[in-house]
Amino acid sequence: MANTDVKTIIFSLQFSFFSKNLYLRGMKMKIDWKKFILFAIIAFCLVLVTDSLLMSAGIFLLLLVVDYFIAEWEKRHKQNNLNKK
């Protein structure tokens, strides 16, 4: 009897975890490999130039944030141009 209760509890915990994260199964990551390689080269060069992993990580994080905002600006700009036409 106790063994069945443990199995039921474990199954219900697993089911609740997977049911909450169902969106992760169908998610496909679109990776821009050229951008990824460029960022890896920049990160490597930052480590060589600064001789500090933490400073390089901080600068790289700032570059990622700037890249995100530039991409969002471009997307809005293209959307506005399409709406005007």
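Just so we're clear, the structure is a prediction, and the values are computed from it rather than from any experiment.

> Sorry if this is basic, but what is going on with the overall build of the protein here?
Scanning the protein from N- to C-terminus turns up 3 helices and 0 strands. Overall, the protein shows an N-to-C arrangement of helices and strands of α-α-α. Every one of the 85 residues in the protein was classed for burial, and the buried ones make up 4%. For the protein, the exposed area adds up to about 8200 Å²; of that, 71% sits on carbon and sulfur atoms.

> Mind showing me how you'd approach the confidence of the model for the protein here?
Caution is warranted with low-pLDDT regions, since their predicted coordinates should not be read in detail. This prediction gives the protein a mean pLDDT of 76; 66% of its residues lie at or above 70. Ranking the helices and strands of the protein by mean pLDDT puts helix α3 (residues 53–84) first, with 88, and helix α1 (residues 2–20) last, with 56.

> Looking at this structure, I do not really get helix α2 (residues 33–50). What am I missing?
If you check α2, its first and last C-alpha atoms are 25 Å apart, about what 18 residues at 1.5 Å a residue would give, namely 26 Å. Where α2 terminates, the next one or two residues include Asp51, which has phi positive at roughly 60°.

> Can you walk me through the packing of aromatic side chains in this structure?
Each aromatic ring pair is summarised here by two numbers: the centre-to-centre distance and the angle between the ring planes. Tallying each qualifying case throughout the model produces 3 aromatic pairs. With a centroid separation of 5.6 Å and 80° between ring planes, the pair formed by Trp33 and Phe36 is classed as edge-to-face. Here Phe36 and Trp33 lie together in helix α2, a separation of 3 residues that amounts to about one turn. Ring geometry for Tyr68 versus Phe69: centroids 5.4 Å apart, planes at 70°, classification edge-to-face.

> What is the right way to look at the packing of α2 against α3 in this model?
In a packed pair of helices, the relevant descriptors are the angle between the two axes and the axis-to-axis distance. For the pair α2 and α3, interaxial distance at closest approach is 8 Å and the crossing angle is 145°. Classified by chirality, the crossing of α3 by α2 is right-handed. Packed against α2, whose contacting residues are Lys35, Phe39, Ile42, Ala43, Leu46, Val47 and Thr50, the element α3 presents Leu53, Met55, Ser56, Ile59, Phe60, Leu63, Leu64 and Asp67 at the interface. Across the contact of α2 with α3, the residue classes break down as 11 nonpolar, 2 polar and 2 charged.

> Can you help me understand the pattern of salt bridges in this one?
For side chains bearing opposite charge, pairing can occur when the charged atoms are close. For the coordinates displayed, the defined rule picks out 2 salt bridges. Lys35 is the salt-bridge partner of Asp67, the closest N and O atoms lying 3.3 Å from each other. With a gap of 32 residues between them, Asp67 in helix α3 and Lys35 in helix α2 connect regions that are remote in the sequence. The exposure class assigned to Lys35 is partly exposed, which follows from its relative accessible area of 32%. Of the charged contacts, one joins Glu72 and Lys75 as a salt bridge, the two residues approaching to 3.6 Å between their closest N and O atoms. Of this pair, Glu72 and Lys75 both sit in helix α3, 3 residues apart, which is roughly one turn of the helix. Looking at Glu72, the relative accessible area reads 24%, which means it is partly exposed.

Reading the values: rules and limits
Residues numbered from 1 in each chain as written. Predicted model: local features only at pLDDT ≥ 70, side-chain atom pairs only at ≥ 80, totals over all residues. Heavy atoms only, no water. Helix = DSSP H or I, 4+ residues; strand = E, 2+ residues; numbered from the N terminus. Buried < 20%, exposed > 50% of the residue type's maximum accessible area, 1.4 Å probe, protein only. Areas by Shrake-Rupley, 256 points an atom, 1.4 Å probe, with all protein chains shown as cover. pLDDT = per-residue confidence, 0-100. Expected span 1.5 Å × (residues − 1). Phe/Tyr/Trp six-rings, centres within 6.5 Å; stacked < 30°, edge-to-face > 60°. Axes fitted to C-alpha atoms, helices over the stretch in contact; angles between N-to-C directions. Left-handed = near helix turned anticlockwise from the far one by under 90°. Contact = heavy atoms within 4.5 Å. Nonpolar A, V, L, I, M, F, W, Y, C, P; charged D, E, K, R; others polar. Salt bridge = Lys/Arg side-chain N within 4 Å of Asp/Glu carboxyl O.

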